[in-house]
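Structural overview for review
Here's the letter readout for the chains.
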Amino acid sequence: MEFKVSTLAERPDAAERMCAMAETWPVFVTEDFVGAACFPRIRAELPEYVLFAEDDRGEIVAQAYSVPFALHTEGRGELPARGWDQMLVWAFADLRGGVRADTVSAVSVSVAPHAQGRGLSALMLTAMRDNARARGFREVVAPVRPSAKHLEPRTPVEEYVRRVRPDGLPQDPWMRVHARAGATVDRVAPASMTVAASLEEWRRWTGLPFDTAGPVEVPGALVPVRCDVEQGYAVYVEPNVWMRHPL
């Protein structure tokens, strides 16, 4: 099947259909305050960095979001430990201040559930790289959410990301897609996103009781959620892995 990839800047009429595309993110991931505040702004303010793929019937089956920001500037230089959240804050601070961007960061790649397994994640990653290159950038970075880490929430992320197959590629499937596209691991971002919420909210999102203090394993979470029954809240601090794509 042929897929047509466009930017939202080229096809602003597709915005509503993009929002309607089914996704598979765990509910709690979308409750990160920085992401909730910044993500909709990408479509509105940086549509040239928003990509979508249509199948031969015109249905949107995949999306990719990225943002430009200044990495090589005073006070920065290194990819941040606060990963996804910090990158988004930098990107929109730079946009507001008129700071010249020198790097593009991936924000997310998502594929409709019924279209998974057709190579669309790799297609969208390639399209994101091509889009950045066409705009004069020499590097794309990505705070990668290892796609199989949720199966081992208690494995230290530093140990997990070092695992490779006999062919030298990462064991994790999503990291492997990036590596095949030419990316290398830069560093772990131990606090890439943070979700802090009441126990009532966590119970609603997960269906779990959250009635015992300490670490709680939650389906889809890369590490356990820390539950404080006495205070009535729980906190999830997600690690990601920074990978760098030279263009």
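Predicted model only: the values in this text are computed from it and were never measured.

Side note on the overall build of the protein chain
Secondary structure summary: the protein chain contains 7 helices and 9 strands in total. What you see for the protein chain is a C-alpha radius of gyration of 18 Å, in line with the 18 Å of a compact globule of 247 residues. Overall, the C-alpha framework of the protein chain stretches about 50 × 45 × 45 Å when taken along its three principal axes. The proportion of buried residues among the 247 residues of the protein chain is 49%. Where the 28 positive side-chain charges of the protein chain centre and where its 33 negative ones centre are 4 Å apart.

Notes on the state of the cysteines
Applying the stated criterion across every chain, the model contains 0 disulfides. Cys38 provides the cysteine sulfur closest to Cys19, a residue in no disulfide bond, and the two sulfurs are 16 Å apart. The exposure class of Cys19 is exposed, given its relative accessible area of 51%.

Looking at the packing of helix H2 (residues 33–45) against helix H3 (residues 83–97)
With their axes 10 Å apart at the nearest point, H2 and H3 run at an angle of 45° to one another. The angle between H2 and H3 falls in the class oblique. Between H2 and H3 lies a crossing of left-handed hand. Of the residues in H3, those touching H2 at Val34, Gly35, Cys38, Arg41, Ile42 and Glu45 are Trp84, Asp85, Leu88, Val89, Phe92 and Leu95. Its residues placed into classes, the contact of H2 with H3 shows 8 nonpolar, 1 polar and 3 charged.

Let's talk about the environment of Gln86
One can find Gln86 in helix H3. Residue classification places Gln86 among the buried positions, given a relative accessible area of 17%.

Looking at the packing of aromatic side chains
Per the stated rule, a full pass over the model turns up 6 aromatic pairs. Here the aromatic rings of Trp202 and Trp205 are separated by 5.1 Å at their centres, their planes lie at 70°, and the arrangement is edge-to-face. Separated by 3 residues within a single helix, Trp202 and Trp205 lie in helix H7 (residues 199–206), roughly one turn from each other. Residue classification places Trp205 among the buried residues on the basis of a relative accessible area of 15%. Here the aromatic cluster, defined as three or more aromatic residues joined through ring pairs, consists of Phe28, Trp202, Trp205, Phe210 and Tyr236. Lying across the ring of Tyr49, Arg135 places its NZ or CZ 5.6 Å from the centre.

A short note on unusual backbone geometry
For residues other than glycine, phi is negative in most cases, and the peptide bonds are mostly trans. One non-glycine residue, Phe210, lies in positive phi territory at about 45°. Among the secondary structure elements, Phe210 is positioned in the loop between H7 and strand E7 (214–216). On the accessibility criterion, Phe210 (2% relative accessible area) is buried.

So, the side chain of Ser66
Within the secondary structure layout, Ser66 lies in strand E3 (residues 60–69). When residues no more than four places from it in sequence are discounted, the contact partners of Ser66 are Ile42, Tyr49, Val104, Ser105, Ala106, Val107 and Met128.

Notes on the pattern of salt bridges
Evaluation of the coordinates by the stated rule reveals 17 salt bridges. Where Glu238 meets Arg145, a salt bridge forms, and the shortest distance between an N and an O atom there is 2.9 Å. You can see Glu238 sitting in strand E9 (residues 233–246) and its partner Arg145 sitting in the loop between strand E5 (139–144) and helix H5 (157–161), a full 93 residues away along the chain. The partner of Glu159 in a salt bridge is Arg163, with the nearest N and O atoms 3.5 Å apart.

Overview of H3
Here H3 contains 15 residues, and its C-alpha end-to-end distance of 21 Å stays within 8% of the 21 Å for a straight helix at 1.5 Å per residue. Those residues of H3 that fall on the buried side of the exposure criterion are Gly83, Trp84, Asp85, Gln86, Met87, Leu88, Trp90, Ala91, Phe92 and Asp94. Each element contacted by the buried residues of H3 is listed here: H2, E3, strand E4 (103–111), E5, strand E6 (184–198) and E9. Directly after H3, the chain includes Gly98, whose backbone phi takes a positive value near 70°.

What counts as what
Residues numbered from 1 in each chain as written. Predicted model: local features only at pLDDT ≥ 70, side-chain atom pairs only at ≥ 80, totals over all residues. Heavy atoms only, no water. Helix = DSSP H or I, 4+ residues; strand = E, 2+ residues; numbered from the N terminus. Rg over C-alpha atoms; globule rule 2.2 N^0.38 Å. Buried < 20%, exposed > 50% of the residue type's maximum accessible area, 1.4 Å probe, protein only. Lys, Arg positive; Asp, Glu negative; His and termini not counted. Charge placed at Lys NZ, Arg CZ, Asp CG, Glu CD. Disulfide = S-S within 2.5 Å. Axes fitted to C-alpha atoms, helices over the stretch in contact; angles between N-to-C directions. Parallel < 35°, antiparallel > 145°, perpendicular 65-115°, else oblique. Left-handed = near helix turned anticlockwise from the far one by under 90°. Contact = heavy atoms within 4.5 Å. Nonpolar A, V, L, I, M, F, W, Y, C, P; charged D, E, K, R; others polar. Phe/Tyr/Trp six-rings, centres within 6.5 Å; stacked < 30°, edge-to-face > 60°. Lys NZ or Arg CZ within 6 Å of the ring centre and 35° of its normal. Salt bridge = Lys/Arg side-chain N within 4 Å of Asp/Glu carboxyl O. Expected span 1.5 Å × (residues − 1).

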